[in-house]
Amino acid sequence: AVVSTQSTGGARGPLIDLGSGDGRVVIEAAKQGFTAHGIELNIWLVLYSRLRSLLAGTSSKTKFFKADLWKTDLSPYNTIIVFGADSMMSDLSVKLKQETRPQTDIVSCRFPLDSEVWQSTSVIEDGHNPLWRYKQDETHCPDS
């Protein structure tokens, strides 16, 4: 599972799923105790996710937004889940490095972040898609 003690390192606090699709990761995160947000470009998926969360009983711990990940401030989040395309990972790696705080946990599904920018702390094989786990280093301070 993308959201598990193993994949997130036991992290808690605000979590965001970038490109949240049908909301399954955000809903599972809420069940695991996170306050979880999902951003998605497709308004129908945002509305569907909200309905799924309501039916799952997690709507008080979830929020879904129609938003562009490139225009979203990621600094408030302790945990960031990414299920991106290979072509976006280099640019996303730079955005994450600039906007995350020390000790932010990042889980990247299917494709890793740019190894020139990030060092993976672990790789979890789940059968279909590997998960790479990253943690922002202590010495980094995002620009204000």
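It should be noted that the structure appears before, not after, this text.
So, here is what we can say about the structure in this document. These numbers come from a predicted model, not from an experiment.

**Brief notes about the pairing of strand 5 (residues 105-109)**
For strand 5, the tally of buried residues reaches five of five residues, placing the bulk of the element in the interior. Side chains of strand 5 alternate between two faces, with Asp105, Val107 and Cys109 and Ile106 and Ser108 buried alike. Bridge analysis of strand 4 (residues 79-82) against strand 5 gives four bridges, and the strand direction is parallel. Its bridge partner lying in strand 5, Ile80 is registered against Ile106. For the crossover that starts at strand 4, traverses helix 4 (residues 89-99) and ends in the parallel strand 5, the hand is right-handed. Pairing of strand 5 with strand 7 (residues 130-135) involves five bridges; the strand directions are antiparallel. Bridge pairing in strand 7 links Cys109 to Leu131.

**Some points on the nonpolar core**
Counting residues in hydrophobic clusters, the biggest one holds 17 residues, and the most contacted among them are Leu18, Ile80, Leu92, Leu96 and Ile106. For this core, the secondary structure elements donating two or more residues are strand 1 (14-18), strand 4, helix 4 and strand 7. Looking at which element gives the most residues to this core, the answer is helix 4, with three residues. In this structure, Ile106 is in contact with Ile80, Val82, Leu96, Thr100, Leu113, Trp118, Trp132, Arg133 and Tyr134, ignoring residues within four places of it in sequence. Grouped together as the second largest cluster of nonpolar side chains are 14 residues, Val25, Ala36, Ile81 and Ile124 included.

**Describing the sheet that holds strand 1**
In spatial order, the strands read 3-2-1-4-5-7-6; together these seven strands make up an open sheet with mixed pairing. Of all the strands in the sheet, the pair left with one neighbour each is strand 3 (62-66) and strand 6 (122-125). With direction set aside, neighbouring strand axes in the sheet form an average angle of 20 degrees. The strands that helix 2 (residues 24-31) touches are strand 1, strand 2 (35-40), strand 3 and strand 4; relative to strand 2, the one it contacts most, it runs at about 175 degrees. Packing against the sheet, helix 3 (residues 43-56) makes contact with strand 2 and strand 3, and its axis sits at approximately 170 degrees to strand 3.

**Some details on the packing of aromatic side chains**
Tallied over the full model, the rule gives one aromatic pair. For the ring pair Trp118 and Tyr134, a centre distance of 6.0 Å and an interplane angle of 70 degrees mean the geometry is edge-to-face. Pair noted here: Trp118 is in the loop between strand 5 and strand 6 and Tyr134 is in strand 7, with a separation of 16 residues, a long-range link. The exposure classification of Trp118 matches that of Tyr134, with both residues buried. The ring of Trp118 has Lys97 sitting right over it, with the charged end atom 4.1 Å from the ring centre.

Rules of the game
Counting from 1, residues in each chain are numbered in the order their sequence is written. In keeping with the predicted nature of the model, local features appear solely for residues at pLDDT of at least 70, side-chain atom pairs appear and are counted solely at 80 or more, and the whole-chain, interface and lining totals rest on all residues. Derived side-chain values reflect all non-hydrogen atoms in the structure, with water molecules and hydrogen atoms excluded from consideration. Accessible area is worked out with a 1.4 Å probe on protein chains only. A residue is then buried under 20% of its type maximum, exposed over 50%, and partly exposed in between. Only DSSP runs of H or I reaching four residues or more are called helices, and only runs of E reaching two or more are called strands; each is numbered from the N terminus. Two strands are counted as paired when DSSP detects at least two bridges linking them. A clockwise path from the first strand over the helix to the second, with the strands pointing away from the viewer, defines a right-handed crossover. We define the nonpolar core as a collection of buried residues of types Ala, Val, Leu, Ile, Met, Phe, Trp, Tyr and Cys that are connected through side-chain atoms lying within 4.5 Å of one another. Any two residues whose heavy atoms approach within 4.5 Å are treated as being in contact. Geometry is summarised by axes, namely lines fitted to C-alpha atoms with helices restricted to the contacting stretch, and by angles between N-to-C directions that run from 0 to 180 degrees. For this analysis, a ring pair means two rings from Phe, Tyr or Trp (six-membered ring only for Trp) whose centres lie within 6.5 Å, classed as stacked if their planes differ by under 30 degrees, edge-to-face if by over 60, and tilted for the remaining angles. Note on geometry: a ring has a charge over it if NZ (lysine) or CZ (arginine) is within 6 Å of the ring centre and within 35 degrees of the ring normal.

Read these as layout, nothing more, since geometry by itself doesn't imply function.
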